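Understanding the architecture of this molecule
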Amino acid sequence: MKNKGSFLLLLTAFIWGMAFVAQSAAMDSIGPWTFNCVRSIIGGLTLLVLMPFLHKLVPPVHSSKKELIKGGIACGLLLGISSMLQQVGIISTAVGKAGFLTALYVVFVPLFLALGGRHLQKRIWISVALATGGLYFLCMNGSFSLAKGDILLLLCACGFALHIITADHFTSHTDGIWLSCLQFFTAGLLCAGPMFLIEKPSLHDLYNAAVPILYAGILSSGAGYTMQIIGQKDTEPAIASLLMSLESVFACIGGFLLLHQVLTIREIFGCMLTFSAVILAQLPLDKKKETLPKTSASRNDS
């Protein structure tokens, strides 16, 4: 189960790594509230359609409707707020810098867990340091300074970290697929009001942004976040965040393979550091010396 969870989280990172292009391209035709509202609704509808098939692959977990609704709303609010912070931040921040700042949730997850009283192994902290360094070399090419967009992206990283931890809590006793479905509709409703009041999108605008919206809605949201929930089911949150930090690496590799963008020595070094961090976090434990904190039997997404 652990290997299955790790594979799903890696696949999630791959899908999200490719989504940065879709997020940026959509802004040519529609506003951030519209993009996140529509992509979230599409993600929720995708799960509703695929629910019978998904529950054949992952047997449904019988849980309290009250807890499921509470978890769906909590995760949805965090997802909606974090996604909006990211989308608005991307508008005024270089893509590479945006990727680095967003991926700093790999630092915030273990930090928040430690502040909450959870003991983490030393190697997790070493992995976090390696991943942070790797992400810096991978995404940052110029001097580092914080502007308004950068601050929004830092807040976004905090939000995604809280989303991972919150999902980790609720997936221990609720059905992950239903939880993911409810969170999308919650996030979509959160963005709907500002979308109609501020941006007032037309059908023509939505048509022009159809491809990035469908990618973000069906793959990045519907598939990606659901795989995150299922993958986190049996994965320690701090390790899950390290696996998902590979989205920046996959974005870089995708640019090389699909867009023929040449990787610099700096970027290759960043990839190596980040991969090393993930491998270190996944190494078998020496049970005589340390043990992982006990995780829930049914851990899910963010």
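Conventions used here
- Residues numbered from 1 in each chain as written.
- Predicted model: local features only at pLDDT ≥ 70, side-chain atom pairs only at ≥ 80, totals over all residues.
- Heavy atoms only, no water.
- Helix = DSSP H or I, 4+ residues; strand = E, 2+ residues; numbered from the N terminus.
- Buried < 20%, exposed > 50% of the residue type's maximum accessible area, 1.4 Å probe, protein only.
- Contact = heavy atoms within 4.5 Å.
- Axes fitted to C-alpha atoms, helices over the stretch in contact; angles between N-to-C directions.
- Parallel < 35°, antiparallel > 145°, perpendicular 65-115°, else oblique.
- Nonpolar A, V, L, I, M, F, W, Y, C, P; charged D, E, K, R; others polar.
- Patch = residues over 30% accessible without salt bridge, like charges linked within 9 Å, V, L, I, M, F, W, Y side chains within 5 Å.
- Areas by Shrake-Rupley, 256 points an atom, 1.4 Å probe, with all protein chains shown as cover.
- Salt bridge = Lys/Arg side-chain N within 4 Å of Asp/Glu carboxyl O.
- pLDDT = per-residue confidence, 0-100.
- Left-handed = near helix turned anticlockwise from the far one by under 90°.

1. Observations concerning the overall build of the protein
- In terms of regular secondary structure, the protein is built from 13 helices and 0 strands.
- Counted from the first residue to the last, the protein has its helices and strands arranged as α-α-α-α-α-α-α-α-α-α-α-α-α.
- Relative to its 302 residues, the protein shows a buried fraction of 53%.
- Look at the contacts in the protein between residues 6 or more apart in sequence, and 93% of them connect residues 24 or more apart.

2. Looking at the packing of helix α5 (residues 105-115) against helix α11 (residues 237-244)
- Closest axis-to-axis distance for the α5/α11 pair is 8 Å, and the angle between their directions is 175 degrees. With respect to each other, α5 and α11 are oriented roughly antiparallel. On the side of α5, the interface is formed by Tyr105, Val106, Val109, Pro110 and Leu113, while α11 contributes Pro237, Ala238, Ser241, Leu242 and Met244.
- When the residues that make up the contact of α5 with α11 are grouped by side-chain class, the tally is 9 nonpolar, 1 polar and no charged.

3. Describing a nonpolar patch on the surface
- On the surface, Ile69, Ile73, Leu77, Ile81 and Leu190 cluster together into a nonpolar patch covering about 400 Å² of accessible area.
- By the secondary structure assignment, isoleucine 81 is in helix α3 (residues 65-91).

4. Some points on the confidence of the model for the protein
- Taken residue by residue, the protein gives an average pLDDT of 80. The fraction at 70 or more is 85%.
- Predicted confidence in the protein is weakest over helix α4 (residues 95-102), with a mean pLDDT of 71, and strongest over helix α8 (residues 176-199), with 92.
- In this model residues 285-302 is a low-confidence stretch, pLDDT under 50, and it forms 67 contacts with partners more than four residues away in sequence or in other chains.

5. A few points about the pattern of salt bridges
- Summed over the entire model, instances satisfying the criterion amount to 1 salt bridge.
- In this structure, glutamate 67 engages lysine 70 in a salt bridge whose closest nitrogen and oxygen atoms are separated by 3.0 Å. Residue glutamate 67 and its partner lysine 70 are both found in helix α3; the two are separated by 3 residues, about one turn of the helix.

6. Re the packing of helix α7 (residues 148-170) against helix α10 (residues 210-232)
- The geometry of α7 relative to α10 is characterised by a closest axis approach of 10 Å and an angle of 55 degrees between their N-to-C directions. With respect to each other, α7 and α10 are oriented oblique. Our pair here, α7 against α10, has a crossing hand that is right-handed. Along the contact surface, α7 presents Phe160, His163, Ile164 and Asp168, while α10 presents Tyr225, Gln228 and Gln232.

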